[in-house]
Amino acid sequence: MSLIHQFLGDETFDPFLSMINKCPVLSTPTDWKETKDAHVFISDLPGLKKDDIKVQVVEGRILQICGERKNENEDDKNIKCHRIERCRGKFQRRFRLPENAKVEQVKAHMENGVLVVNIPKQEVKKPQTKLIPIDGN
């Protein structure tokens, strides 16, 4: 796959990457905030419903948010699309969770195209330091 680069002053413009960066479904903009009690992930997923999205903890400590925006006119042969600019396709975001995340208590909520994932925190016990005696003089 070749990418077309166009130079604009000191910046490089890549149309493919520009499209991904502008497409909220493909880039899935997500904020990760940490409060004293939880890790909170907020993802903008305009136009999607909760049934279009899957939230999972995989490989023990990785939060995975994935889904797909489908082309609603794909199967209707009576519709002729003249222009399609809204992004479609599958997306996936993955975040490695810290040790203090209670991965068994993850909760997710979706409202008005905004997904909020709340992961409570637990206190992580620091390993004890053990002093090792040194033999000899």
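The name given to the protein in an unreviewed UniProt entry is Class I heat shock protein-like, and the organism recorded there is Abrus precatorius. In its Sequence similarities (unreviewed entry) section, the UniProt record describing the protein reads: "Belongs to the small heat shock protein (HSP20) family."

Peer 1: How should I be thinking about the sheet that holds strand E4 (residues 38–44) in this particular structure?
Peer 2: If you trace the four strands from one edge of the open sheet to the other, you get E3-E4-E9-E8, paired in antiparallel fashion. Across the chains shown, the open sheet's two edge strands, defined by having one partner strand only, are strand E3 (30–34) and strand E8 (107–111). Direction aside, the axes of adjacent strands within the sheet are offset by 15 degrees on average. Pairing analysis gives five bridges linking E8 to strand E9 (residues 114–120), with the strands arranged antiparallel. From the neighbouring strand, His109 faces E9, where its bridge partner is Val116.

Peer 1: Would you explain the sheet that holds strand E5 (residues 53–58) in this entry?
Peer 2: Sheets are built from strands paired through backbone hydrogen bonds, the pairs being either parallel or antiparallel. In space, the three strands of this open sheet follow the order E5-E6-E7, with antiparallel pairing throughout. The two strands at the open ends of the sheet, each matched to only one other strand, are E5 and strand E7 (89–96). The mean angle between the axes of side-by-side strands here comes to 15 degrees, regardless of whether they run parallel or antiparallel. Note that strand E6 (residues 62–69) and E7 share eight bridges and pair antiparallel.

Peer 1: What's the story with the packing of aromatic side chains in this structure? I'm lost.
Peer 2: Remark: the centre distance and the inter-plane angle together describe each pair of aromatic rings, the angle taken between the planes. With the rule as written, the count across this model stands at three aromatic pairs. Each ring, one from Trp32 and one from Phe41, has its centre 4.7 Å from the other, and the planes form 35 degrees; the classification is tilted. Between Phe41 and Phe95, the aromatic rings sit 5.1 Å apart at their centres with planes inclined by 45 degrees, giving tilted as the arrangement. Of this pair, Phe41 sits in strand E4 while Phe95 sits in strand E7, and the two are 54 residues apart along the sequence. Overall, the relative accessible area of 0% leaves Phe41 in the buried class. An aromatic cluster of at least three residues, connected via ring pairs, comprises Trp32, Phe41 and Phe95.

Peer 1: What's the story with the side chain of Asn100 in this structure? I'm lost.
Peer 2: With respect to the helices, strands and loops of the structure, Asn100 is situated in the loop between E7 and E8. According to the relative accessible area criterion, Asn100 is buried, its value standing at 14%. Of note is the side chain of Asn100, whose polar atom sits 2.9 Å from the side chain of His39. Excluding residues that lie within four positions of it along the chain, Asn100 makes contacts with Glu34, His39, Arg61, Pro120, Lys121, Gln122 and Val124.

Here is what the cut-offs are and how they apply
- Residues numbered from 1 in each chain as written.
- Predicted model: local features only at pLDDT ≥ 70, side-chain atom pairs only at ≥ 80, totals over all residues.
- Heavy atoms only, no water.
- UniProt positions renumbered as here; feature names shortened; annotations may be inferred.
- Pairing = 2+ DSSP bridges.
- Helix = DSSP H or I, 4+ residues; strand = E, 2+ residues; numbered from the N terminus.
- Axes fitted to C-alpha atoms, helices over the stretch in contact; angles between N-to-C directions.
- Phe/Tyr/Trp six-rings, centres within 6.5 Å; stacked < 30°, edge-to-face > 60°.
- Buried < 20%, exposed > 50% of the residue type's maximum accessible area, 1.4 Å probe, protein only.
- Polar contact = N/O pair within 3.5 Å; in protein donor to acceptor, adjacent residues only side chain to side chain.
- Contact = heavy atoms within 4.5 Å.

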